[in-house]
Amino acid sequence: GIAFLVRAVIIRWITRLVSKTATVLDDRIISIIRKPVFYIIIIYGLDYAIGRLPLHNRIMPVIHDALFVIGVVLIAYVVHGVLNNLIRWYGERIEGEETSKTLAREFIPLTQRISSIFVFTIAVITVFKYFNYDVWSLITALGVGSLAIGLAAKETLTNIISGFSIMLDRPFR
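Residues numbered from 1 in each chain as written. Predicted model: local features only at pLDDT ≥ 70, side-chain atom pairs only at ≥ 80, totals over all residues. Heavy atoms only, no water.

**Things to note about the overall build of the protein**
For the protein, the helix and strand inventory stands at 6 helices and 0 strands. Listing every helix and strand of the protein by position from the N terminus yields α-α-α-α-α-α. Against the globule reference of 16 Å for 173 residues, the protein gives a C-alpha radius of gyration of 22 Å, more extended than a compact globule. For the protein, the spread of C-alpha atoms along the three principal axes comes to 70 × 50 × 15 Å. Looking at the protein residue by residue over its 173 residues, the buried ones come to 24%. Summarising the internal contacts of the protein: among those between residues at least 6 apart in sequence, 68% fall at separations of at least 24. Looking at charge distribution, the protein has the averaged site of its 18 positive side-chain charges lying 9 Å from that of its 12 negative ones. (Helix = DSSP H or I, 4+ residues; strand = E, 2+ residues; numbered from the N terminus. Rg over C-alpha atoms; globule rule 2.2 N^0.38 Å. Buried < 20%, exposed > 50% of the residue type's maximum accessible area, 1.4 Å probe, protein only. Contact = heavy atoms within 4.5 Å. Lys, Arg positive; Asp, Glu negative; His and termini not counted. Charge placed at Lys NZ, Arg CZ, Asp CG, Glu CD.)

So, in structure tokens, the structure goes:
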């Protein structure tokens, strides 16, 4: 019932409210979060309801774990969609300026990919932490591995950073 109420509020009131604003960013965000918020509320309501049922002790943790993973995936989907729309909206805004057209064309896809990797990594770490895996050793191993790769490819990374600097500063065309 709460999920249907929230969906009705989002569809009727919030959609009307954001349609009166000057930007399309809030319209895009509402269209992204409409269905996943409904399903997230349903999943956590289902989790609460199943917790009240007299089920076998082996079945209960499996159901809770599956619903938690589905919830994390849905939340990651919402965050990913909102971040990508924010980045795309910002890219459309700076694309109107003549000096920023190529900057937007070159860096917006890169920023979207980096944000996608960041959201995916946070979701995976959250799921691992929920299942009591030692996440800090994984993060440390990734840090040491990236340090080793960074030291091995020092010249290549220097050239990449120099290329980004030239693309940002535009000392010549």
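Once the structure has been displayed, the description carries forward.
**Some thoughts on the packing of aromatic side chains**
According to the stated counting rule, one finds 4 aromatic pairs in the structure shown. Ring centres of Phe-128 and Tyr-133 lie 5.6 Å apart, and the angle between their planes is 65 degrees; this geometry places the pair in the edge-to-face category. Note on Tyr-133: relative accessible area 52%, which makes it exposed. An angle of 80 degrees between the planes, with centres 5.3 Å apart, marks the rings of Tyr-130 and Phe-131 as edge-to-face. (Phe/Tyr/Trp six-rings, centres within 6.5 Å; stacked < 30°, edge-to-face > 60°.)

**Thoughts on the side chain of Asn-84**
Relative to the elements of secondary structure, Asn-84 occurs in helix α3 (residues 59-95). Overall, the relative accessible area of 12% leaves Asn-84 in the buried class.

**Notes on helix α1 (residues 2-19)**
Taking 1.5 Å of rise per residue, 18 residues should cover 26 Å, and α1 covers 24 Å from first to last C-alpha, within 8% of that figure. The sharpest bend along α1 comes to roughly 30 degrees, located at Ile-10. Among all positions of α1, only Ala-3, Ile-10 and Val-18 are buried. Each element contacted by the buried residues of α1 is listed here: α2 (25-52). (Expected span 1.5 Å × (residues − 1). Bend = angle between axes of the 7 residues up to and from the residue.)

**Side note on unusual backbone geometry**
Phi at Asn-132 is positive, roughly 60 degrees, even though this residue is not glycine. Tracing the chain through its elements places Asn-132 in the loop between α4 (101-130) and α5 (135-152).

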